[in-house]
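The residues making up each chain are set out below.
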Amino acid sequence: MKGVFVIPARNKEQDIEKCLTSALKQTIPIEVVVSDQGSEDQTLDVINDVASKYDGNHKLTILHCPETQYKGMAGLNTHLNWLHENVEADVFICSSADDYSLPDRSEKVMKEFESREADIVLTAQTAYDPVKELFYRTVFPKENKYIQVKECIKDRVGGSTSFAWKTAFYKAIGPLPYLVCPDVYLAVLAAARDGLYFLDDPL
């Protein structure tokens, strides 16, 4: 089973270096795909700078998504749809460009996919509130478990930076509609199909 670590990026010059560097520190060999969607700031320059200095064992691929007509949620969904047409893999481990992952995220997530039938493996997250200067951890659930549809909706289970999904699942549900929130949309469909598995580990 081949996994890729995918980072869709757009106008994230302040965050992309930390995000991409964390992806390149994964503990298992994995292709890292960072895709710039027509950034108007220095995002692409930062990506190229990180790439020029990287001498590790991971394959690093830089893509340029031409689908730049939409912004916001519609832009992200268009970007993800384009990535699925242009990247070959069995599993997409996805990260927002303004977040970062721990080194063993890919290793732990791929182990779950190899031992389960789930369409999506979702991990816990830790978020930082700069105003209150506090760290917050995923509130629900608090255990490793399959998540039911009603739990997804009631507790808004999901998180774009902690998602990993099977390509077969993404293609089965069709392209993401422009204006849906992918966090909830993908989670609900996975829970209703072959399973949404939550890993209670803030990776």
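Above this text is the structure in question.
Presented here is a report on the structure given in the accompanying data block.

Cut-off values and rules
- Residues numbered from 1 in each chain as written.
- Predicted model: local features only at pLDDT ≥ 70, side-chain atom pairs only at ≥ 80, totals over all residues.
- Heavy atoms only, no water.
- Phe/Tyr/Trp six-rings, centres within 6.5 Å; stacked < 30°, edge-to-face > 60°.
- Buried < 20%, exposed > 50% of the residue type's maximum accessible area, 1.4 Å probe, protein only.
- Helix = DSSP H or I, 4+ residues; strand = E, 2+ residues; numbered from the N terminus.
- Contact = heavy atoms within 4.5 Å.
- Pairing = 2+ DSSP bridges.
- Axes fitted to C-alpha atoms, helices over the stretch in contact; angles between N-to-C directions.
- Core = buried A, V, L, I, M, F, W, Y, C linked by side-chain atoms within 4.5 Å.
- Arc of directions from axis to C-beta.
- Patch = residues over 30% accessible without salt bridge, like charges linked within 9 Å, V, L, I, M, F, W, Y side chains within 5 Å.
- Areas by Shrake-Rupley, 256 points an atom, 1.4 Å probe, with all protein chains shown as cover.
- Salt bridge = Lys/Arg side-chain N within 4 Å of Asp/Glu carboxyl O.
- Disulfide = S-S within 2.5 Å.
- Polar contact = N/O pair within 3.5 Å; in protein donor to acceptor, adjacent residues only side chain to side chain.

Counted according to the given criterion, the structure contains 5 aromatic pairs. Centre to centre, the rings of F163 and W165 are 6.3 Å apart; their planes meet at 65 degrees, and the pair counts as edge-to-face. Between W165 and Y170, the aromatic rings sit 5.7 Å apart at their centres with planes inclined by 25 degrees, giving stacked as the arrangement. Among the residues examined, W165 registers a relative accessible area of 2% and is labelled buried. Since its relative accessible area comes to 3%, Y170 is described here as buried.

On to the environment of T161. In this structure, T161 sits in the loop between α5 (149-155) and β9 (163-166). Residues T161 and D99, 62 residues apart in the sequence, show an inter-C-alpha distance of 6.6 Å. With sequence-adjacent residues up to four places away left out, T161 is seen in contact with C94, S95, S96, D99, R105 and Q125.

As summarised here, the arrangement of the 8 strands in space is β3-β2-β1-β4-β9-β5-β10-β8, forming an open sheet in which the pairing is mixed. Edge strands, defined here as strands with exactly one partner in the open sheet, are β3 (60-64) and β8 (145-146). As defined by bridge partners, strand β1 (residues 3-9) adjoins strand β4 (residues 91-94) across 4 bridges and the pair is classed as parallel. The residue of β4 that forms the bridge with V6 is C94. In the packing of helix α1 (residues 16-23) onto the sheet, the strands contacted are β1, β2 (31-36) and β3, and the crossing angle to β1 comes to about 175 degrees.

Counting residues in hydrophobic clusters, the biggest one holds 30 residues, and the most contacted among them are L83, F92, I120, W165 and L196. Elements with a minimum of two residues in this core: β1, α3 (72-86), β4, β5 (120-124), β9, α6 (167-173), α7 (182-192) and β10 (196-202). In this view, W165 contacts L80, H84, D90, V91, F92, C94, F113, D119, I120, Y170 and L186; residues no more than four positions away in its chain are not counted.

The subject of this paragraph is unusual backbone geometry. For N11, which is not glycine, the phi dihedral falls at a positive 55 degrees. Following the sequence through the fold, N11 ends up in the loop between β1 and α1. The class for N11 is partly exposed, based on a relative accessible area of 33%.

Let's shift gears to α1. What sets the pattern is the α-helix's 3.6 residues per turn: residues three or four places apart point alike. Along α1, the residues classified as buried are I16, C19, L20, S22 and A23. Taken around the axis of α1, the buried residues stretch over an arc of 160 degrees, which confines them to a single face. Tucked inside the fold, the buried residues of α1 contact β1, β2, α2 (43-53) and β3.

Now for a nonpolar patch on the surface. On the surface, a nonpolar cluster with roughly 340 Å² of combined accessible area is contributed by Y70, Y178 and L179. Examined against the element boundaries, Y70 turns out to sit in the loop between β3 and α3. The class for Y70 is partly exposed, based on a relative accessible area of 31%.

Applying the stated criterion to the full structure yields 0 disulfides. Of all cysteine sulfurs, the one in C94 lies closest to C19, which takes part in no disulfide; the gap is 9.3 Å. Lacking any disulfide linkage, C181 is separated from the closest cysteine sulfur, that of C152, by 12 Å.

Moving on, we come to the side chain of H58. Considering the arrangement of structural elements, one finds H58 in the loop between α2 and β3. Residue classification places H58 among the buried positions, given a relative accessible area of 11%. Here the side chain of H58 touches Q26 through a polar contact of 2.9 Å, landing on its backbone oxygen. The contacts of H58, once residues within four sequence positions are left out, are A23, L24, K25, Q26, I28, P29 and I30.

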